[in-house]
Amino acid sequence: MSRAGIDYRAVFEALPGMVALLTPDLVYVDANEDFARNSGRSREELIGRYLFEVFPDNPNDPAASGARNLEASLRRVLATGERDTMALQRYDVQSNEDADEWEERYWSPINAPVLDAEGRVVLLVHRVEEVTELIRARARGRAAVGGRSQAMEAELYTRSRELQDVNERLRAAHARERQVALALQEAMLPAPRLADHHQAAVRYRPAVGALNVCGDWYDLVELPDDRMAVAVGDVVGHGLAAAGVMGQLRSALSAASRVAVGPAQALEVLGLYARAVEGAESTTAVSVHIDWTGHTLAYSSAGHLPPALARADGTVVFLDQATDPPLGARPEHVPRPQAEQVFAAGDTLVLYTDGLVERRDEDIDTGLDRLARSLSRYRALPPEQLADILLLDLLPAPGATDDAALVVLRL
């Protein structure tokens, strides 16, 4: 018996229909009595064996596709962590008595994931309805009532197969689109190329359900006189359109940071440029210029959330003394504010976008407090590990509902 007095083994055996459990390697780990009986295989012939070793495609049928279609469905579940319902399949089964004999069989499968606490697929639930007798009964009925019914049944089966083919093409198109999005993201948000003595980590996560591109960006630029410019920004919207605007603004700020006297002036230039970029309205950004020799941070914010400075003693300071409206919020040009903060060797600077800390049902201060606690707790970790633990600690378990970018820099 398990918790609440429920015998889950008995529940599994009593499930209506054929149900089997598979590992991510598609090896049987369990099967209920219905599955063993209707598949013609005992549990001993199933458990511990590879699915398609037990049930290969019929080699005598050149058009056989049941095994290929089933494997594609199971691989989708593994890749997406989502349930996959298949169209009606013809999947012949080899006779136990004569290896050369194959029985024509029809199945209606559903495949579903079992996830662990971290959202990884650890098991696959393979549930099928054996509908061979239904198909045969309909065939007998068609023979009794004439050719019209037979033609309608054939049309129904054909359309089921066509629907599966369309779904396969849509999935292939989506995979190609995602590859394009990944290439675009890599081009727009490359890994920073910094001097060896600088330790930095960057991360970005698109919103759940979006393409793998977003309107959030980060940038790290080495400057003359032992200085560095670090920035993050957030374009309104998601997907390819926002990413296009993001690419233009990121490049403009990166160029401006190389010639500006400080972050405020760099954001002023960006604001002027943003007026000529459609879709750039209300973009937020924050820029921090680091003076390694003087141990000072000069910063300016255009409506963005404040960077966090985690000190070695565990205190966290938010750089919030130079905040101005987002880009394009004012009709006229006004100089932006700038402030400075002293840092010590070993402190950690963290820049981020709102997807990391904001939740729709709570005040922003709650999210900032959550960030400060996490930073204080894990501040001693190297930047790469700290970046990963911040994402794990702060993003919702189902995934981010807004895009999120993150920069972690050890000072």
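All figures in this text were calculated on a predicted structure; none of them were measured in a lab.

**Student:** Can you tell me about the overall build of the chain, naming the residues and giving the values?
**Tutor:** Check the secondary structure of the chain and you find 11 helices and 19 strands. Taking all 411 residues of the chain together, the buried fraction comes to 45%. Pairs at least 24 apart in sequence give 61% of the contacts found in the chain among residues at least 6 apart. Summed over its atoms, the accessible surface of the chain is roughly 20800 Å², and 53% of this surface lies on carbon and sulfur atoms.

**Student:** How would you sum up the pairing of strand β12 (residues 284–291)? Please name residues and give values.
**Tutor:** Every regular strand shows the same layout, with side chains that alternate between the two sheet faces. The buried count for β12 comes to seven of eight residues, which makes it a mostly enclosed element. With six bridges joining them, β12 and strand β13 (residues 296–302) adopt antiparallel strand pairing. The residue of β13 that forms the bridge with His289 is Ala298. Joining the antiparallel neighbours β12 and β13 is a turn of four residues, in which His295 adopts a positive phi near 55°.

**Student:** For empty space enclosed by the protein, give the residues involved together with the corresponding values.
**Tutor:** The gaps left among the atoms become clear once a water-sized probe is rolled over them. Under the counting rule described, the total for this entry stands at four cavities of 30 Å³ or more. Space inside the largest cavity adds up to approximately 190 Å³. Surrounding the largest cavity, 16 residues form its lining, Leu70, Tyr91, Trp107, His126 and Val128 being those nearest its centre. Elements supplying a minimum of two residues to the lining of the largest cavity: α2 (33–39), α5 (66–80), β7 (106–115) and β8 (121–130). Residues belonging to the lining of the largest cavity are distributed by class as follows: 12 nonpolar, four polar and no charged. Size it by volume and the second largest cavity reaches roughly 160 Å³.

**Student:** Let's hear about the pairing of β7: which residues, and what values?
**Tutor:** Pairing of strand β3 (residues 84–85) with β7 involves two bridges; the strand directions are antiparallel. Opposite Thr85, over in β7, you have Ile110 as the bridge partner. The pairing of β7 with β8 spans nine bridges and is classified as antiparallel. Bridge assignment links Ala112 to a residue of β8, and that residue is Val125. Between β7 and β8, which pair antiparallel one after the other, the connecting turn spans five residues, and Gly119 there sits at a positive phi close to 85°.

The rules we used
Residues numbered from 1 in each chain as written. Predicted model: local features only at pLDDT ≥ 70, side-chain atom pairs only at ≥ 80, totals over all residues. Heavy atoms only, no water. Helix = DSSP H or I, 4+ residues; strand = E, 2+ residues; numbered from the N terminus. Buried < 20%, exposed > 50% of the residue type's maximum accessible area, 1.4 Å probe, protein only. Contact = heavy atoms within 4.5 Å. Areas by Shrake-Rupley, 256 points an atom, 1.4 Å probe, with all protein chains shown as cover. Pairing = 2+ DSSP bridges. 1 Å grid on protein atoms, 1.4 Å probe; cavity = no way out; pocket = protein on both sides within 12 Å on 5 of 7 lines; lining within 4 Å. Points joined across faces, edges and corners; volume = space filled by probe spheres on them. Nonpolar A, V, L, I, M, F, W, Y, C, P; charged D, E, K, R; others polar.

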